[in-house]
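Geometric and topological summary
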Amino acid sequence: MAKELQNKKIAILVTDGFEQVEMTQPRQAFDDAGATTHLISPKDQTVRGWNHYDKADEFNVDIGLNQANPNDYDALLLPGGVANPDQLRTNESVVEFIKAFFTADKPVAAICHGPWTLVEAEAVEGRKITSWPSLKTDLKNAGANWVDQEVVIDGNLVTSRNPHDIPAFINAAIALFARVTATA
């Protein structure tokens, strides 16, 4: 694989309850494409992934949210899972961290329930977006144009619906991250 993301730093923002494959598969692909990825969390030591309704593996947090600076990163990944974004969106520091990427016009990739945090960050109004179907009403009420598609790119935002979309999501995210961050 080409090193499209060579010298790029990607923040992966999670807490307990993220859908494990929505973090691990994109992270591996980003690393393989030459990026440096950091698992960032409001929790300082470890976070636990889930495989749908079942607890999965624990992962070491690379940088606690209180130590992380969005200016140090070229892009942001927001994995889904129901519990993960539901907890993240109630944390003001998390919301500000996400907003900083949109303010700086940096690329963001969100999958499944991940776009839930974008509602709190006031980053969906007027955007074409997809997600897990249960978020449709929340996203529409926040002003998004919700569509049921495998992957959607709107400016510097790429979204997908679920783990089955991961291959298309990864390809779109790498292309977007490489294109946008190459000019930064």
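Now for a quick tour of the structure.

Scoring rules and cut-offs
Residues numbered from 1 in each chain as written. Predicted model: local features only at pLDDT ≥ 70, side-chain atom pairs only at ≥ 80, totals over all residues. Heavy atoms only, no water. Phe/Tyr/Trp six-rings, centres within 6.5 Å; stacked < 30°, edge-to-face > 60°. Helix = DSSP H or I, 4+ residues; strand = E, 2+ residues; numbered from the N terminus. Buried < 20%, exposed > 50% of the residue type's maximum accessible area, 1.4 Å probe, protein only. Lys NZ or Arg CZ within 6 Å of the ring centre and 35° of its normal. Salt bridge = Lys/Arg side-chain N within 4 Å of Asp/Glu carboxyl O. Pairing = 2+ DSSP bridges. 1 Å grid on protein atoms, 1.4 Å probe; cavity = no way out; pocket = protein on both sides within 12 Å on 5 of 7 lines; lining within 4 Å. Points joined across faces, edges and corners; volume = space filled by probe spheres on them. Nonpolar A, V, L, I, M, F, W, Y, C, P; charged D, E, K, R; others polar. Contact = heavy atoms within 4.5 Å. Axes fitted to C-alpha atoms, helices over the stretch in contact; angles between N-to-C directions.

Glancing now at the packing of aromatic side chains. Enumeration according to the criterion identifies 3 aromatic pairs in this entry. Ring centres of Phe30 and Phe177 lie 5.3 Å apart, and the angle between their planes is 50 degrees; this geometry places the pair in the tilted category. Of this pair, Phe30 sits in helix H1 (residues 20-32) while Phe177 is found in helix H6 (residues 166-182), placing the two residues 147 residues apart along the sequence. According to the relative accessible area criterion, Phe177 is buried, its value standing at 1%. Directly above the ring of Tyr73 sits Lys9, whose terminal nitrogen or CZ lies 5.0 Å from the centroid. Here Lys106 stacks its cationic end above the ring of Phe101, 5.7 Å away from the centre of that ring.

It is worth spelling out the pattern of salt bridges at this point. Tallied over the entire structure, the rule returns 10 salt bridges. A salt bridge links Arg48 to Glu58, with the shortest nitrogen-to-oxygen separation between them at 3.1 Å. Of this pair, Arg48 sits in strand S4 (residues 46-51) while Glu58 sits in strand S5 (residues 54-60), placing them 10 residues apart in sequence. The class of Glu58 is partly exposed, set by a relative accessible area of 48%.

Take the pairing of strand S8 (residues 108-111) next. Alternating positions in S8 separate into two faces, Val108 and Ala110 on one and Ala109 and Ile111 on the other, with burial throughout. With 3 bridges joining them, strand S7 (residues 75-78) and S8 adopt parallel strand pairing. Paired with Leu78 across the strands is Ala110, a residue of S8. In this sheet, strand S12 (residues 157-160) lies alongside S8 in parallel orientation, the contact comprising 4 bridges. Counted as the bridge partner of Ile111 is Ser160 from S12.

What follows concerns the layout of surface pockets. Here the largest pocket is characterised by a volume of approximately 250 Å³. Lining the largest pocket are 13 residues, and of these Glu19, His52, Gly81, Val82 and His113 lie nearest its centre. A class-by-class count of the residues in the lining of the largest pocket yields 7 nonpolar, 4 polar and 2 charged.

Below, the discussion takes up the sheet that holds strand S2 (residues 18-19). Strand order in the open sheet formed by 3 strands is S2-S4-S5, and the pairing between neighbours is mixed. Edge positions in the sheet fall to S2 and S5, since each of these pairs with one other strand and no more. As defined by bridge partners, S2 adjoins S4 across 2 bridges and the pair is classed as parallel. Bridging from a neighbouring strand, Phe18 pairs with Gly49 of S4.

A separate point is the sheet that holds strand S6 (residues 63-64). The mixed open sheet is built from 7 strands, whose spatial order is S6-S3-S1-S7-S8-S12-S11. At either margin of the open sheet sits one strand with a lone partner, and together these are S6 and strand S11 (151-154). Those strands touched by H1 are strand S1 (9-13), strand S3 (36-41), S7 and S8, and its axis lies near 150 degrees from that of S3.

Glancing now at unusual backbone geometry. The backbone phi angle of Asn7 is positive, close to 70 degrees, even though this residue is not glycine. In this fold, Asn7 is placed in the segment before S1. The class for Asn7 is exposed, based on a relative accessible area of 67%. The phi dihedral of His52 is positive, around 60 degrees, even though this residue is not glycine.

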